[in-house]
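# Commentary on secondary and tertiary structure
Letter by letter, the chains look like this.
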Amino acid sequence: MERLSSTTTIPDAFQVARDDISGQMSLIWEQTKAPLIVPALRLLVFVCLGMSVMLFIEKVYMGVVIIFVKLFRRRPEKHYKWEPIRDDVELGNSAYPMVLVQIPMYNEREVYQLSIGAACGLSWPSDRIIIQVLDDSTDQTIKSLVEQECQRWASKGINIKYEIRDNRNGYKAGALKEGMKHSYVKHCDYVGIFDADFQPEPDFLWRSIPFLVHNPEVALVQARWKFVNSDECLMTRMQEMSLDYHFTVEQEVGSAAYAFFGFNGTAGVWRLSALNEAGGWKDRTTVEDMDLAVRASLKGWKFVYLSDLKVKSELPSTFKAYRYQQHRWSCGPANLFKKMAMEILRNKKVAPLKKFHVLYSFFFVRKIVAHIVTFVFYCIVLPATVLAPEVEVPKWGAVYIPSIITLLNAVGTPRSFHLLIFWILFENVMSLHRTKATFIGLLEAGRVNEWIVTDKLGDALKTKAAAKAFKKPRFKIGERIHLLELTVGAYLFFIGCYDLSFGKNRYFIFLFLQSFAFFIAGVGYVGTFVPNA
């Protein structure tokens, strides 16, 4: 090895080496950019713009339909026959249909009393209703508490059944399916389903059952969710905005235009004959509710959505719980689409327009395209064009379309309009997990059937916070650090710095804000923090 000359210092040598490496990297970048990167990026931009247009058309279409529905007041009571079920002197209570109310639960320490109490408080002739608690709990203490609660209500004269099984096969779908096998279910006409954190009002059955009694073609009556903890933290406010759009627009449009929408898995009443004709509960995906709804629709059954019938429920307020929920809600529909696409196409009972709506609008655009384009275009491809100015993204695709889509999404929750910027950044962060889950569902990869029950806190947060008011919360670093979010955040921050220094696109304000959102999520400072017990 040659010695350094006396006039060359070690720092100078390092500088020379650094310049050489930088020059080589720049040369490699320039040589590969024109023949490889630029064409690939142009193709991705073209595909993403196409998906953006598809999503834009879908959102505008639903906006037009919902305006029509509201202007002409196309309420379900006008489209379907509805009248209260009246007493019959001769028949007595037998004039009322027999109703089964199912409450599936799994280790629901914080909310089991609320859901069981609300179900037992439903107003309906006491000899014409059965409350069925399907307890899959693995915690023996919680199991005992749930059983004692059922016994307490039974001592008050409520017809309540506490049912358990020796395994959790099929998770929620398996529990509901097992619950249908009991002999007393054969005498029931309708089944209402409520998850463990849902609390129906006493008049729920009086307002929903008549649609099923007087309209033999209707299989499902779905109520709207009302969130009791939407103001708990910023994350729950963001969820409220997304779900309010789903209920205010998507469900309303599906019900009014096609008599079809996705069953939300809870806060709904099914006609038992329709449920059985559709094949009952299946556990082939993590969206057993959507699976049942699609199969029933293919049999020609109609669904009714009641926007003014609201059932109180709880939003996941910890980031961990929300991520697991969104994985299930994104992976399941993609997997179901893969499994049922050909079955839907070959179906002879459903009109072509309805089949197109189910396949294209309901599944492809809303459940697949929406997730992928949000993350791939706005968090990967669009920022990458900063490094390749030869690739131009038209302003209508980069600014106008996403702005209009965002404004349309905000109509469901006017009170949170001032939080729109936070909602955009948060949704982009969550699109990372939704896109990942969507591909897992389409490819049927490892976590395709992963089912993790969403944690419900009830009053646990207040109790724990009071008990630990003078203690410093402890947590494990591994539980709070999320490498995927940090990686995407670092990528966006680097692109933002490059755009600020050398770029012409002026995306850096968005890039910095979005990178900070990913960093915040990456270190776990999202949602409510619950101290360890």
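This structure is a prediction, so every number in the text was calculated from the model and none was measured.

Moving on, we come to the overall build of the protein. Check the secondary structure of the protein and you find 17 helices and 7 strands. Burial status across the protein gives 53% buried among its 533 residues. Per element, the accessible surface of the protein, about 25,800 Å² overall, is 60% carbon and sulfur.

In this section: the pairing of strand 2 (residues 129-135). The buried count for strand 2 comes to 7 of 7 residues, which makes it a mostly enclosed element. Alternating residues of strand 2 divide into Ile 129, Ile 131, Val 133 and Asp 135 and Ile 130, Gln 132 and Leu 134, and every residue in both groups is buried. Direction of pairing for strand 1 (residues 99-105) relative to strand 2: parallel, over a ladder of 7 bridges. What sits directly across from Met 105, in strand 2, is Asp 135. Examined bridge by bridge, strand 2 and strand 3 (residues 160-163) share 4 bridges and lie parallel to one another. The residue of strand 3 that forms the bridge with Ile 131 is Ile 160. Handedness of the crossover is the feature at issue here: the chain leaves strand 2, passes through helix 4 (residues 140-154), returns alongside strand 3, and the resulting connection is right-handed.

Here the focus is the side chain of Asp 135. Mapped onto the fold, Asp 135 is located in strand 2. Of the polar contacts made by the side chain of Asp 135, one reaches the side chain of Ser 137; its length is 2.4 Å. Non-local contacts of Asp 135, meaning those with residues more than four positions away in its chain, are made with Met 105, Lys 143, Val 146, Tyr 162, Glu 163 and Ile 164.

What follows is about the nonpolar core. Within the largest apolar cluster, 145 residues are counted, with the highest numbers of intra-cluster contacts made by Ile 116 and Trp 270. Of the residues forming this core, the biggest block, 17 residues, is contributed by helix 11 (residues 352-384). Contacts of Trp 270, omitting those with residues within four sequence positions, involve Asp 189, Tyr 190, Val 191, Ile 193, Ala 219, Leu 220, Phe 263, Leu 275, Leu 292, Ala 293, Ala 296 and Phe 303.

It is worth spelling out the UniProt feature "transmembrane region" (unreviewed entry) in the protein at this point. In this structure's numbering, the residues bearing the UniProt feature "transmembrane region" (unreviewed entry) are residues 43-69, 368-388, 400-426, 481-501 and 507-530. Within residues 400-426, the helical portion is 63% and the strand portion 0%, while the C-alpha atoms at the span's ends are 20 Å from each other.

Take the side chain of Asn 428 next. Within the secondary structure, Asn 428 sits in helix 13 (residues 420-443). Take Asn 428: its relative accessible area is 6%, and that puts it in the buried class. Here Asn 428 is in contact with Thr 374, Phe 375, Cys 379, Phe 510, Gln 514 and Phe 518, once residues within four sequence places are set aside.

Our focus in this paragraph is the pairing of strand 4 (residues 190-193). The side-chain alternation of strand 4 yields two buried faces, one formed by Tyr 190 and Gly 192 and the other by Val 191 and Ile 193. In the sheet, strand 1 pairs with strand 4 via 4 bridges, with the strands oriented parallel. Across the sheet, the residue bridging to Gln 102 is Ile 193, located in strand 4. Two elements, strand 4 and strand 6 (residues 268-271), share 4 bridges in a ladder whose sense is antiparallel.

For residues other than glycine, phi is negative in most cases, and the peptide bonds are mostly trans. Non-glycine residue Tyr 171 carries a positive phi angle of around 55°. The topology assignment puts Tyr 171 in helix 5 (residues 171-179). Unlike most non-glycine residues, Glu 444 shows phi in positive territory, near 55°. For Glu 444, the position within the fold is in the loop between helix 13 and helix 14 (460-467). For Glu 444, a relative accessible area of 35% corresponds to the partly exposed category.

Before going further, it helps to examine a nonpolar patch on the surface. A cluster of nonpolar side chains, namely Ile 481, Leu 483, Phe 493, Phe 516, Ile 520, Val 523 and Tyr 525, defines an oily patch on the protein surface of about 660 Å² accessible area. Contributing elements (two or more residues each) for the nonpolar patch: helix 16 (483-501) and helix 17 (508-522). Assignment of secondary structure puts Ile 520 in helix 17. Judged by its relative accessible area of 42%, Ile 520 falls in the partly exposed class.

Because an α-helix completes one turn every 3.6 residues, residues spaced three or four positions apart along the sequence face the same direction. By the criterion of burial, helix 9 (residues 288-298) is predominantly enclosed, with 11 of the 11 residues buried. Residues of helix 9 that are buried: Glu 288, Asp 289, Met 290, Asp 291, Leu 292, Ala 293, Val 294, Arg 295, Ala 296, Ser 297 and Leu 298. Where helix 9 terminates, the next one or two residues include Gly 300, which has phi positive at roughly 95°.

Positionally, Asn 335 belongs in helix 10 (residues 319-346). As a C-alpha pair, Asn 335 and Val 448 span 113 residues in sequence and 7.6 Å in three-dimensional space. Beyond its immediate sequence surroundings of up to four residues, Asn 335 is in contact with Arg 284, Thr 285, Gly 441, Glu 444, Val 448 and Asn 449.

Pairing is mixed in the open sheet, where 7 strands are placed in the order 3-2-1-4-6-5-7. Edge strands, defined here as strands with exactly one partner in the open sheet, are strand 3 and strand 7 (302-313). Averaged over all neighbouring strand pairs, the angle between strand axes comes to 20°, with direction disregarded. Its contacts with the sheet place helix 4 against strand 1, strand 2 and strand 3, and it is angled at close to 160° to strand 3. Most of the contacts of helix 6 (residues 204-214) go to strand 7, to which it runs at about 175°, and overall it touches strand 1, strand 2, strand 4, strand 5 (218-227), strand 6 and strand 7.

Counting across every chain of the model gives 21 salt bridges. The salt bridge involving Asp 136 is made with Arg 165; its shortest N-O contact spans 2.8 Å. You can see Asp 136 sitting in the loop between strand 2 and helix 4 and its partner Arg 165 sitting in the loop between strand 3 and helix 5, a full 29 residues away along the chain. The residue Arg 415 makes a salt bridge to Glu 240 at a minimum N-O spacing of 2.9 Å.

With respect to the helices and strands, Asn 449 occurs in the loop between helix 13 and helix 14. Sequence separation between Asn 449 and Arg 284 is 165 residues, and the spatial gap between their C-alpha atoms is 7.8 Å. Ignoring sequence-local partners within four residues, the contact set of Asn 449 consists of Tyr 171, Arg 284, Thr 285, Thr 286 and Asn 335.

A separate point is the environment of Phe 211. Inspection of the secondary structure assignment puts Phe 211 in helix 6. Overall, the relative accessible area of 1% leaves Phe 211 in the buried class. A sequence separation of 130 residues divides Phe 211 from Lys 81, and the C-alpha atoms of the two residues are 6.7 Å apart. Residue contacts for Phe 211: discarding those within four places in its chain leaves Pro 76, Glu 77, Tyr 80, Lys 81, Trp 82, Val 218, Val 221, Val 304 and Leu 306.

Criteria and thresholds
Per chain, the residues get numbers from 1 upward, laid out in the order the sequence is written. For a predicted model such as this one, the threshold for reporting local features is a pLDDT of at least 70, and the threshold for listing and counting side-chain atom pairs is 80 or more; totals across whole chains, interfaces and linings nevertheless cover every residue. Computation of side-chain values: all heavy atoms of the structure, hydrogens and water removed. Each helix is a run of H or I in the DSSP string that is no shorter than four residues. Each strand is a run of E no shorter than two, and both are numbered from the N terminus. Burial classification: accessible surface area is computed with a 1.4 Å probe over protein chains only, and a residue below 20% of its type maximum counts as buried, one above 50% as exposed, and the rest as partly exposed. Residue exposure ignores everything except the shown protein chains as possible cover, and the areas themselves are Shrake-Rupley values with a 1.4 Å probe. When DSSP locates at least two bridges between a pair of strands, those strands are taken to pair. Throughout, right-handed denotes a crossover for which the path from the first strand over the helix to the second runs clockwise when the strands point away from the viewer. The term polar contact refers here to a pair of N or O atoms within 3.5 Å; inside protein, the definition further demands a hydrogen-donor-capable atom paired with an acceptor-capable atom, and it admits residues adjacent in sequence only when both atoms are side-chain atoms. We call two residues in contact whenever any of their non-hydrogen atoms come within 4.5 Å of each other. We define a nonpolar core as any set of buried Ala, Val, Leu, Ile, Met, Phe, Trp, Tyr and Cys residues linked to one another through side-chain atoms lying within 4.5 Å. UniProt positions are given in the numbering used here, feature names are shortened, and annotations may be inferred rather than shown by experiment. Note that patches include only residues with greater than 30% relative accessible area and no salt bridge, and the join distances are 9 Å for like charges and 5 Å for nonpolar side chains (Val, Leu, Ile, Met, Phe, Trp, Tyr). Whenever Lys or Arg places a side-chain nitrogen within 4 Å of a carboxyl oxygen from Asp or Glu, that contact is recorded as a salt bridge. Note on definitions: angles span 0 to 180 degrees between N-to-C directions of axes, and those axes are lines fitted to C-alpha atoms, for helices only across the stretch in contact.

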